[in-house]
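Read off the chains here:
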Amino acid sequence: MSDTPEFPAIITGGGDLGVFIGANKPAVDAALDHAGALLFRGFNVPDPLAFDAAIEAYGEVGFTYEDSLSNAVRTNVTPRVFTANEAPPETEIFLHHEMAQTPLFPAKLFFYCEIAAESGGATPLCRSDWVLDQLRAANPEFVARVEAEGVRYTNVMPGRDDAGSGQGRSWRSTLSVADQAGAEARLSDLGYSWEWLEDESLRVTTAALPAVRELAGGGTSFFNQLIAAFRGWADSRNDPNRTITFGGGEPITPEDMADAIRIADDLTHDLAWQAGDVALLDNFQVMHGRRPFAGKRRVLASLIA
Ligand code: FE2
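In short, a report on the structure.

This part covers the nonpolar core. Ranked by internal contacts, the top residues of the largest apolar core, which has 29 residues, are Phe-142, Tyr-153, Phe-222, Leu-226, Ile-227, Ile-252 and Met-257. Breaking this core down by element, the ones donating at least two residues are β5 (93-96), α4 (128-138), α5 (140-149), β9 (151-157), α8 (226-232), β14 (244-246) and α9 (254-267). For this core, the element with the most residues is α9, which contributes five residues. Every residue in contact with Phe-142, bar those within four places of it in the chain, is listed here: Leu-135, Phe-222, Leu-226, Phe-246, Ile-252, Asp-256 and Met-257. Formed by 22 residues, the second largest nonpolar core is a distinct cluster that contains Ile-55, Val-81, Tyr-112 and Val-278.

The mixed open sheet is built from seven strands, whose spatial order is β1-β2-β16-β6-β19-β4-β3. Sheet topology places β1 (9-12) and β3 (76-78) at the edges, where each strand pairs with a single neighbour. Neighbour-to-neighbour, the strand axes of this sheet turn through a mean angle of 25 degrees, independent of strand direction. With two bridges joining them, β3 and strand β4 (residues 81-83) adopt antiparallel strand pairing. Within β4, the residue paired with Thr-78 across the bridge is Val-81. Those strands touched by helix α2 (residues 25-35) are β1, β2 (37-41), β6 (108-115) and β16 (278-282), and its axis lies near 130 degrees from that of β2.

Conventions and cut-offs
Residues numbered from 1 in each chain as written. Predicted model: local features only at pLDDT ≥ 70, side-chain atom pairs only at ≥ 80, totals over all residues. Heavy atoms only, no water. Core = buried A, V, L, I, M, F, W, Y, C linked by side-chain atoms within 4.5 Å. Buried < 20%, exposed > 50% of the residue type's maximum accessible area, 1.4 Å probe, protein only. Helix = DSSP H or I, 4+ residues; strand = E, 2+ residues; numbered from the N terminus. Contact = heavy atoms within 4.5 Å. Pairing = 2+ DSSP bridges. Axes fitted to C-alpha atoms, helices over the stretch in contact; angles between N-to-C directions.

Structure follows, in structure tokens:
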């Protein structure tokens, strides 16, 4: 297709990235609307403080990890910059829209590569509106059903952070509560159901959440966490066969997921990081993940409300 934009769009330059973004915000936003993902390469972004300054220059309101219902264990580096996910290098994080398994999600994400891995460690990126177009053609019944019913996610959270899992954030931290009574109050506000398990872990099931989103610029995207939940939420607490259902409670089948996964894998582009790279993603339009890696890798993230 001749009108298919370069993906991600690469903006090469030099000098201070914050100064560049501050001077070119409307053009940056237009490029982001068009491509869904931008890579800033060749600018001078030596450390997390320079990354923080570039985000500040972008000038939009942040979405904080503390307030989010994210399942990932993370560590703040500056008030708005944190480690992308503390899961072990061999763990693949599958394609997802950030926090689409909760009612609270950011509109955009920044990533910054401070240290590129020796091998692996790319960030797969995938246009979710393109996925949905193809999935509608391949499996229209499935798309109609998730559009009509929405989807529910079930996961089990430990009582204390478990950095060995991509889903290891404790319920205390996830829900910003100190005890079980606080957890139950927060969950009932969110419309979730829950069950306390032994070793003080907690199984929660979300309310039915939308699985398809209308985009501001027209079109619709496969805005959900189905692929990551189906492929990746297995750990010592979570059984991937129980994690996703239609809004009505019926299981989503592996056959339905196979279509979505095949199409998304086909449309995925791996962003192979170089130290100093910064990426900006439209979270409503583009899914991201993390390939396994070897060696030291440090990719930081920041969320825009
Ligand atoms: Fe993510």
